[in-house]
Amino acid sequence: MTDTNVMDIEGFNLWYGDKQALFDVAMNVRKNKITALIGPSGCGKSTLLRCMNRMNDIVDGCRVQGKMTYHGQDIYERGTDVMALRKRIGMIFQKPNPFPMSVRDNITYGPKIHGITKQSELDEIVERSLKQAVLWDEVHDRLDQSALSLSGGQQQRLCIARTLSINPEVILMDEPTSALDPIATAKIEDLAVELEKDYTVVIVTHNMQQAARISDYTGFMYIGRMIEFDRTERIFSKPSDELTERYITGRFG
């Protein structure tokens, strides 16, 4: 069975002012799969990820060229509703960034912005989102406490629950475990695999073992270029590009 593409990227270039950061990038994002982006620091992984829900729009002097489509629609064409796009394509950042408010208010913030005001509906969203993020059992009796009182790993899962509260289709994760200890990291990895049943996940990681453990597809990037994109098992067992092989075997640089 052929995997269905949620996003298609072809000949995609990006500049910050005069400096080109992405060069002719091509890849696909498959539905209900985990796609990992790997490569050395500064190679363009996070820049590419942020293009997928137009987070780079907020950077002065940023311009793009090429095609990036979501269900066949070019997300960079004039007239695109960027708020609606970000509702469908959510983002989890490297450092947990809960809002300085209660656990409950973190989850209901997005739904309220999108017009949900009925308390019973909001309560349902809180419970569902926290359960999906495997956090409900740990915080169900602390919903009115500050989110900042949670541990780092719990805060990151709260941020995932907050993203899930508005029913996205795609979840972008920018090195979501880099600030966490090994136990919290394992929980986030298990959660990503669980989320794959209902969502499409794209994760930037500097941890090749993590990419090998949890992803279905992997893209290896180097100096702003997509060197190789394929099924994860092929990238790690039989890469077609020598540069990819050198990177994953530690003979790089």
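Let us look at the structure shown here. (Residues numbered from 1 in each chain as written. Predicted model: local features only at pLDDT ≥ 70, side-chain atom pairs only at ≥ 80, totals over all residues. Heavy atoms only, no water.)

As for the overall build of the chain
Heads up, the rule is: Numbered from the N terminus, helices here are DSSP runs of H or I no shorter than four residues, and strands are runs of E no shorter than two. Put simply, the radius of gyration uses C-alpha atoms, and a globule should come to 2.2 Å times the residue count raised to 0.38. Type-normalised accessible area, obtained with a 1.4 Å probe on protein chains alone, sets the label of each residue: buried when under 20%, exposed when over 50%, and partly exposed for intermediate values. In this description, contact between two residues means that some pair of their heavy atoms is separated by no more than 4.5 Å. Where accessible areas are quoted, they stem from the Shrake-Rupley method and a 1.4 Å probe; at the residue level, only the protein chains shown are allowed to cover. None of His or the chain ends enter the tally, which takes Lys and Arg as positive and Asp and Glu as negative. Lys charges are placed at NZ, Arg charges at CZ, Asp charges at CG and Glu charges at CD.
Helix and strand counts for the chain stand at 10 helices and 10 strands. In terms of overall size, the chain behaves like a compact globule, its C-alpha atoms giving a radius of gyration of 18 Å where 253 residues would be expected to give roughly 18 Å. The principal-axis extents of the C-alpha atoms in the chain amount to approximately 55 × 45 × 40 Å. Among the 253 residues that make up the chain, the fraction classed as buried is 50%. Restricting the contact set of the chain to residue pairs at least 6 apart, pairs at least 24 apart contribute 68%. Summing over all exposed atoms, the chain offers an accessible surface of approximately 12200 Å²; the carbon and sulfur share of this is 47%. Computed over 31 positive and 35 negative side-chain charges, the separation of the two mean positions in the chain equals 2 Å.

What to know about the sheet that holds strand β4 (residues 62-70)
This is how it is decided: In this analysis, strands are considered paired if DSSP registers two or more bridges between them.
The strand order across the open sheet formed by 4 strands is β2-β1-β4-β5, and the pairing between neighbours is antiparallel. The sheet is open, and its two edges are formed by β2 (19-30) and β5 (73-74), each paired on a single side. Pairing geometry for β4 and β5, over 2 bridges, is antiparallel. Opposite Y70, over in β5, you have Q73 as the bridge partner.

Considering helix α6 (residues 152-164)
What counts here: The span you would expect from a helix comes to 1.5 Å times its residue count less one.
The end-to-end C-alpha distance of α6 is 19 Å, a good match for the 18 Å that 13 residues give at a rise of 1.5 Å each. Burial in α6 covers these residues: G153, Q154, Q155, Q156, R157, L158, C159, I160, A161, R162, T163 and L164. On its buried side, α6 packs onto β6 (89-92), α3 (103-113), α4 (119-132), α5 (136-139), β7 (170-174) and α7 (182-195).

Focus on the nonpolar core
Quick note on the threshold: Definition of nonpolar core: a set of buried residues of the types Ala, Val, Leu, Ile, Met, Phe, Trp, Tyr and Cys, connected through side-chain atoms within 4.5 Å.
Ranked by internal contacts, the top residues of the largest apolar core, which has 38 residues, are V103, L130, L158, I160, M173 and L195. Here the element with the most residues in this core is α7; it accounts for 5 residues. Dropping the residues within four chain positions of it, L195 is found in contact with Q132, I160, L164, I171 and M173. Counting 31 residues, the second largest nonpolar core, distinct from the first, contains V6, C51, V170 and L172.

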